[in-house]
Amino acid sequence: MKRYLIFVAVGPALGGFVLLMVTTYQSGYWTETNADEIAKVLKVFVVSLQYSYLFGFLPALMICAIDDILCHVRRIGPTLRMLLVGAIAFFLAAFNYSSHGADYGVLQFVLYGLVGFIPATISSWLVHKFVDEPLPPAPAQSATESHG
């Protein structure tokens with residue numbers, strides 16, 4: 001249960017922030033940067049945070065379910081699990097966002113992929129650090145192996 005709470009608490013906020021950074025970069029907003037411009041972006045982030053949770057709640061739960069499944073696979077260590085979860089989230093976000101709008105290409109695909117990769121990887125890392133993960137059960141020995 002803690003795993004799902006971490007993903008839902010951290011994922012949508014980070015995803016919303018990264019999505020805001022990607023869209024402001026693509027719009028050319030960062031050509032002139034000063035303290036007022038940064039304050040405006042942070043204000044937009046705070047105002048839109050409720051929508052990040054509204055639309056990011058279910059995707060965070062889905063990515064968490066993948067993380068939970070991979071946690072029970074004995075041969076997959078925590079680092080590989082974090083990277084697999086991040087890669088799956090990368091492609092899901094990239095295919096979801098990058099095909100919309102006038103611009104498309106490799107840069108947009110990568111930027112929108114980071115919207116999924118960063119929150120999923122950080123959430124998976126936080127779960128690894130702060131949640132006691134049960135060890136997967138050891139493979140059962142057959143009757144012939146135990147008496148031989």
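Thresholds applied
- One numbering rule holds for all chains: residues counted from 1, following each sequence as written.
- pLDDT decides what is reported in this predicted model: residues at 70 or higher carry local features, side-chain atom pairs at 80 or more are listed and counted, and totals for whole chains, interfaces and linings draw on all residues regardless.
- Only hydrogens and water are removed before side-chain values are computed, so all heavy atoms of the structure are retained for them.
- Only C-alpha atoms enter the line fits that serve as axes; for helices the fit covers just the stretch in contact. Angles between N-to-C directions range over 0 to 180 degrees.
- Strands here mean DSSP runs of E at least two residues long; helices mean DSSP runs of H or I at least four residues long; both are numbered from the N terminus.
- Orientation labels follow simple angle bins: below 35 degrees gives roughly parallel, above 145 gives roughly antiparallel, 65 to 115 gives roughly perpendicular, and whatever is left gives oblique.
- By convention, the crossing between two helices is left-handed when the near helix turns anticlockwise from the far helix through less than a right angle, and right-handed when the turn is clockwise.
- Gly is placed with the polar residues, together with every amino acid not listed as nonpolar (Ala, Val, Leu, Ile, Met, Phe, Trp, Tyr, Cys and Pro) or charged (Asp, Glu, Lys and Arg).
- In what follows, residue pairs with any heavy atoms lying within 4.5 Å of each other are defined as contacts.
- Each helix should span, by expectation, one fewer than its residue count multiplied by 1.5 Å.
- To get the bend at a given residue, fit one axis to the seven residues ending there, fit another to the seven starting there, and take the angle between those axes.
- In plain words, nonpolar cores are sets of buried Ala, Val, Leu, Ile, Met, Phe, Trp, Tyr and Cys residues tied together by side-chain atoms within 4.5 Å.
- Burial classes: relative accessible area under 20% of the type maximum marks a residue as buried, over 50% as exposed, and values in between as partly exposed (1.4 Å probe, protein chains only).
- Each reported salt bridge corresponds to a side-chain nitrogen of Lys or Arg within 4 Å of a carboxyl oxygen of Asp or Glu.

A. The arrangement of the packing of helix 3 (residues 78-97) against helix 4 (residues 106-130) in detail. At a minimum axis distance of 7 Å, the contact between helix 3 and helix 4 shows a crossing angle of 150°. One finds that helix 3 runs roughly antiparallel with respect to helix 4. Where helix 3 crosses over helix 4, the two elements pack in a sense that is right-handed. A breakdown of the residues in the contact of helix 3 with helix 4 according to their chemical character gives 19 nonpolar, six polar and one charged.

B. Structural detail: the environment of Phe91. Looking at where Phe91 falls in the secondary structure, it is placed in helix 3. Between the alpha carbons of Phe91 and Gly113 there is a distance of 6.0 Å; along the sequence they are 22 residues apart.

C. Structural context of the side chain of Glu37. By secondary structure assignment, the location of Glu37 is in helix 2 (residues 35-71). Excluding residues that lie within four positions of it along the chain, Glu37 makes contacts with Tyr29 and Glu32.

D. Quick peek at helix 1 (residues 2-26). Along its 25 residues, helix 1 runs 36 Å from first to last C-alpha, staying within 8% of the 36 Å computed at 1.5 Å per residue. Of all the bends in helix 1, the largest measures some 25° and sits at Gly11, one to four residues before the proline Pro12. Two residues or fewer after helix 1 comes Gly28, characterised by a positive phi angle close to 85°.

E. Structural detail: the nonpolar core. Listed in full, the 12 residues of the largest apolar core are Ile6, Phe7, Ile63, Cys64, Leu70, Ile76, Val85, Ala89, Ala120, Leu126, Val127 and Val131. Within the residue set of this core, elements represented by two or more residues are helix 1, helix 2, helix 3 and helix 4. Discounting chain neighbours no more than four positions away, the residues touching Cys64 are Arg3, Tyr4 and Phe7. Within the second largest apolar cluster, five residues are counted, among which are Val22, Leu111, Tyr112 and Val115.

F. Geometry of the pattern of salt bridges. Counted under the stated rule, the structure contains four salt bridges. The shortest N-O distance in the salt bridge between Arg3 and Asp67 comes to 2.4 Å. Here the residue Arg3 occupies a position in helix 1, and Asp67 occupies one in helix 2, the gap between them amounting to 64 residues. Like Asp67, Arg3 is buried. Across the pair Arg3 and Asp68 runs a salt bridge whose closest N-O atoms are separated by 3.5 Å. Note that Arg3 is positioned in helix 1 and Asp68 in helix 2, a separation of 65 residues in sequence. The class of Arg3 is buried, set by a relative accessible area of 6%. Here the residues in one salt-bridge network are Arg3, Asp67, Asp68 and Arg81, joined through shared partners.

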